[in-house]
Amino acid sequence: MSRCHCQTTRRGFVTGCSAAIAALAGSRFNSLAFAQGGNPNDEILVVLFLRGGQDGLNLVIPTGGYDRGRYQALRPNLAIPAAVAAARPLGSLPGPDGAVALGLHPAAAPLFDLYQDGRLAVAVACGMSANERSHFDSMTWMELGTPGVGNTSSGWLTRHLASASNLPPQMLMPSVSIGGLQALSQLGSYETVAMGSPYDFSLSTGPWSARTAQRVALRNLYEGDTTWLHQAGVQALDAVDIVELYASGGYVPLPGAVYPDTWFGDNLKTIAQFIKLDLGLRIATLDLGGWDHHESEVVNGSPTQGIFADLVDELSRGLAAFWADLDDPAVNFPNQRLTLVVMSEFGRRAYENDATGTDHGHGNNLLVLSGHAIGGLHGTWPGLREELLNEGDLEVTTDFRRVLSEIVVRRLANPRLDLVFPGYTGYQPLGVVTGVDLGVGEPIFSDGFETGDTRNWIVGP
Amino acid sequence: MFFAPSPRPPRLYSRPTGVPARAPAPLPGSEYPLASAMRRKRPRLGPGPPDLPPVRPPLGVLVYTRAGFGHRGSELAAFDALGGTDAERLAAWVTQQLQPAAIADTECDAKLAAGAYATLGKSYTQLWQDHFVADNDWDERIQPATETELATWTRAVYSKRQLLESLVHFWHNHFNVYAYEFVEGPMWVHWDRDVIRAHALGNFRLLLEAVCKAPAMLVYLDNFVNFAEDQAGYSNENFARELLELHVLGAAASYGRIPRSQVPLDPQGRPLGYCEEDVQDVARALTGWTFDIDWESWRWGGGNSGQFVWVDSLHSTEAKRILGVDLPAGRTAQVDGRHLLDVIAAHPATGRFLATKLCRRLVGDFPPPELIDSAAALWTSLWQSPTQISQVIRHILVERPEFALTWGEKIKRPFEIAVSALRAMGTGVRFYQQVPAPPDWNDWHPDFQRTASLHWMFESAGQVVFGWHPPNGHPDLRGAWQCSTPRVALWRLVNWMIETDDDGNGRFAGIVPWTLATLPAGERSANAVVDLWLWRIFHHGVPAADRAQLVEFLSQGFNPDLDLPLTTNDWPYYWQDRVNSLVGLIFMSPEFLWR
């Protein structure tokens, strides 16, 4: 059985695969000479989206100062006890009512370890000024990278990949979206492979005697024309070839990396697998959903138990396992090339509702886990006094694009913020990661990109 | 089986007399003879050059593909008999389909009966008692949801009421609720049967009220805990916000967090859309719209009957203003809420939003503005008509030219791919489950195994029926479905369909028997078999290069006019496997995905 399968697979690959993959197969991507001279940028960006609007005020919790009292008053049932949160102290930030001390939710203990190691940067009160407290508008605007404009035809990660001049001309698998359908931040990207899991991502069904020939014919059918649908099909076939060739053998994380036994944990594991396979992965997206806690955010009157605590636990254990798994000497410590951003469409209302839940809010934390993180607290604390809230919500003091821009410039070394975040000007790093602010806003790179057809990228309102 | 193998095959699916073997004749009345269907080939240049649109198929195929879940051959013949011109046929078909009760649906009824579903006929009270109140295990609790899902597949595949099924699918997505939850699951038969299906072709205002009263939606979007702040100390605006944004006026009509006085007005002096203050007043107007569940009913001294109630004691009695209309203070939950529903159902932005979504479903991803304008105007003018939805559907499909003239601006979503393949292929699948499932797979009924396998393989395509968590419903734009996840999942699924074994009686899909029965011995060349199946699946030509690929695949290097020994399946050629794979390949091809 396995012999048959291998034979079929192999022949299918060799005869059916596109020239680009055939040329790259066997010689791993990073060992290729960079066509334009110099070393290609090899940093990896993972974007984790917490769907539903995560309650950031109960993850990064005021533990001291005037705003601790405000937090308790706003959240009589939901407030995490000061002593509990202060056991994982993040430090303090100046605020309009004096310094506020902040601490992590107890279920985020694994994240706190990363914080103490200086791997985790926490940027407070991030978001968009354009905000209607709508999940769908907010997610769409954020992932497209164009607040207030929902009909942009490409995602911000798509535009990064298209505008980066420091990536090799051919890449085996530059971008993935793991867990389901393609993320909106990768909208319009033909380089992105979306998949549920490597296990389900093969063409190993159908009468075996015809599999190889069917696969060749299928590729020919999709390569036979140039409509967007044909291109999408070719891309899917390429991806199947790559995954089958490299990732079908199962995956064993490092012993110390214990992923949560959940869909989210599996998806993180898949990304770690692709990173270690050295297929040239640069961009990965995944989701952790279920944060829309309008009710029952806590159980048994204990704010440290319930669905929110469970999700924080899953999130934290997952990220810690992912980090530990990539701290792998056998493949040159890929965590040193990693930057992982945790974002959500908005925070939740500062005050709790009567169902021990919270409604849609505004400002929220952005978490940045990176081999080049400048660990610690960042950003401007807006305060929790009634007049300082934005209609009852934590105010936004840092545009989310500011943090993402810094990662694009400093880690991915792509200065073309005018293309990645059109309409966003005045780049000013917040200091969440180390790196060089080279060439931002200066058209110093002549890579042919300017002559490309950007009509397909941005459709104005 | 749809296409039961028979010694005397229907001539429609074999070669019409007098037509060369390689060129099936167009259906009578088709404006698109095969020659024009052969698309010019261009070299692959990568992204950039404009797409050549796929060639529009005969009208019957178009109608069944876009206003239904794909065609079965017998339906196309019936469609063509409906009139002398395409226009007559389309008008007659829509008239028939808009009266679904008058369409005999015996095969579908038989399939539903064979499914032996235990919950589809239960009353509201029975559903509540048997599946919510009874403290049974999870499989039994959500049985109304799982059985409705199986019935939905069954109807999509077997029902002749294809337009109704399409619109039910549309409304389920428009008023999306995730089914597999504690209250939603037990009450799913009510949600599907008494809310969505009962109003799918009727009046939107009535549909809306039924939606607002259904436990499934009340729990899913939290309105069951939306109470007057001064009474309960708590309100919940989740439903109000999604109602305006996703169900009625649409996000495009949102003016965000600006004062009410700044929302621009139309020439009649009505606000063009809504703002944050409207959301809050809509939430207030719907306070006390809840149902009798003991989690909450202690607040008003109720019980646990599951029945919808208007709780005036928890209704906000203050004055509200919604979209420029005053709702006076001191009214009951029923009066306030119904007034609200009148206001939002009658608002022109609602007509525009619903018309846009219906045109997007039925015509193309980006419907022409003049089509939306005319459908929206009609929608709004008919908002009190009991046949509002039917009349607008007729307008879009028949009275406007765009529907019949548009092709290839959409692709099938995963459910439509799977169902249209099952319809074209003609399997005799019974969608069936055992509750509770026997512990050992070997003890599972073969139909249950098959249903479960199909379900598992389909699940990874991203469009699980009733399985979409956020309230916006499965996306209806191609951008959401063009990525590799659904492509690969459905390629796998199609190959599973064509090779699944029918209890040891041969391949489930019956592809080879039908081929043998339809093509006489001596006429089973690769060319003939490919044309036969292209004809059955598409009823129109495919690009010549695509056809050549299929012929090459089947002929395995032999002369494509050679009569193939299709009664054998032996080493080294495995001809029957090859024919099965050929049909799978056609379902996997780009041509099969256009809508």
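Provided above is the structure to which this section pertains.
Basis of the calculations
- Residues numbered from 1 in each chain as written.
- Chains lettered and ligands numbered in written order.
- Predicted model: local features only at pLDDT ≥ 70, side-chain atom pairs only at ≥ 80, totals over all residues.
- Heavy atoms only, no water.
- Core = buried A, V, L, I, M, F, W, Y, C linked by side-chain atoms within 4.5 Å.
- Buried < 20%, exposed > 50% of the residue type's maximum accessible area, 1.4 Å probe, protein only.
- Helix = DSSP H or I, 4+ residues; strand = E, 2+ residues; numbered from the N terminus.
- Contact = heavy atoms within 4.5 Å.
- Salt bridge = Lys/Arg side-chain N within 4 Å of Asp/Glu carboxyl O.
- Polar contact = N/O pair within 3.5 Å; in protein donor to acceptor, adjacent residues only side chain to side chain.
- Nonpolar A, V, L, I, M, F, W, Y, C, P; charged D, E, K, R; others polar.
- Phe/Tyr/Trp six-rings, centres within 6.5 Å; stacked < 30°, edge-to-face > 60°.
- Lys NZ or Arg CZ within 6 Å of the ring centre and 35° of its normal.

This next bit is on the nonpolar core. In terms of nonpolar packing, the biggest core is built from 266 residues, with A:Phe322, B:Trp171 and B:Trp191 touching the most fellow members. Counting residues per element, this core draws most heavily on helix H9 (residues 228-247) of chain A, which supplies 11 residues. Apart from residues lying up to four places away in sequence, B:Trp191 is in contact with B:His172, B:Phe175, B:Val177, B:Ile196, B:Val211, B:Ala214, B:Ala216 and B:Met217. Grouped together as the second largest cluster of nonpolar side chains are 38 residues, A:Ala123, A:Met343, A:Ile407 and A:Leu430 included.

Moving on, we come to the interface of chain A and chain B. Every contact between the two is made by 59 residues of chain A and, on the other side, 70 residues of chain B. Applying the counting rule to chain A against chain B returns three salt bridges. The shortest N-O distance in the salt bridge between B:Glu237 and A:Arg349 comes to 3.9 Å. The interface formed by chain A and chain B contains 17 residue pairs in polar contact (both at pLDDT 80 or more). At the level of secondary structure, the elements contributing two or more residues to the side of chain A that touches chain B comprise helix H6 (135-144), strand E7 (192-195), helix H8 (211-223) and H9 of chain A. Sorting elements by how many residues they give to the side of chain A that touches chain B places H9(A) first, with 11 residues. Residue composition of the side of chain A that touches chain B, by class: 25 nonpolar, 24 polar and 10 charged.

This part is about the environment of B:Gly408. Residues and elements named next belong to chain B. Turning to its location among the elements, Gly 408 is positioned in the loop between helix H20 (402-405) and helix H21 (414-425). Given the relative accessible area of 9%, Gly 408 is considered buried. For the pair Gly 408 and Leu 593, spaced 185 residues apart in the sequence, the C-alpha separation amounts to 8.7 Å. The residues contacting Gly 408, other than those within four sequence positions of it, are Pro 54, Trp 594 and Arg 595.

A separate point is the packing of aromatic side chains. How two aromatic rings sit relative to each other is given by the distance of their centres and the angle of their planes. Residues and elements named next belong to chain B. Considering all chains together, one arrives at 41 aromatic pairs over all chains under this definition. With a centroid separation of 5.8 Å and 85° between ring planes, the pair formed by Trp 128 and Phe 291 is classed as edge-to-face. Of this pair, Trp 128 sits in helix H6 (residues 124-133) while Phe 291 is found in strand E1 (residues 289-291), placing the two residues 163 residues apart along the sequence. Judged by relative accessible area, Trp 128 falls into the buried class, the value being 0%. Owing to a relative accessible area of 0%, Phe 291 belongs among the buried residues under this scheme. Here a set of aromatic residues connected by ring pairs shows up, and it is made of Trp 128, Phe 132, Phe 182, Phe 224, Phe 291 and Trp 295. The ring of Phe 182 has Arg 141 sitting right over it, with the charged end atom 3.9 Å from the ring centre. Above the face of the Tyr 432 ring, Arg 430 is positioned so that its terminal group lies 4.0 Å from the ring centre.

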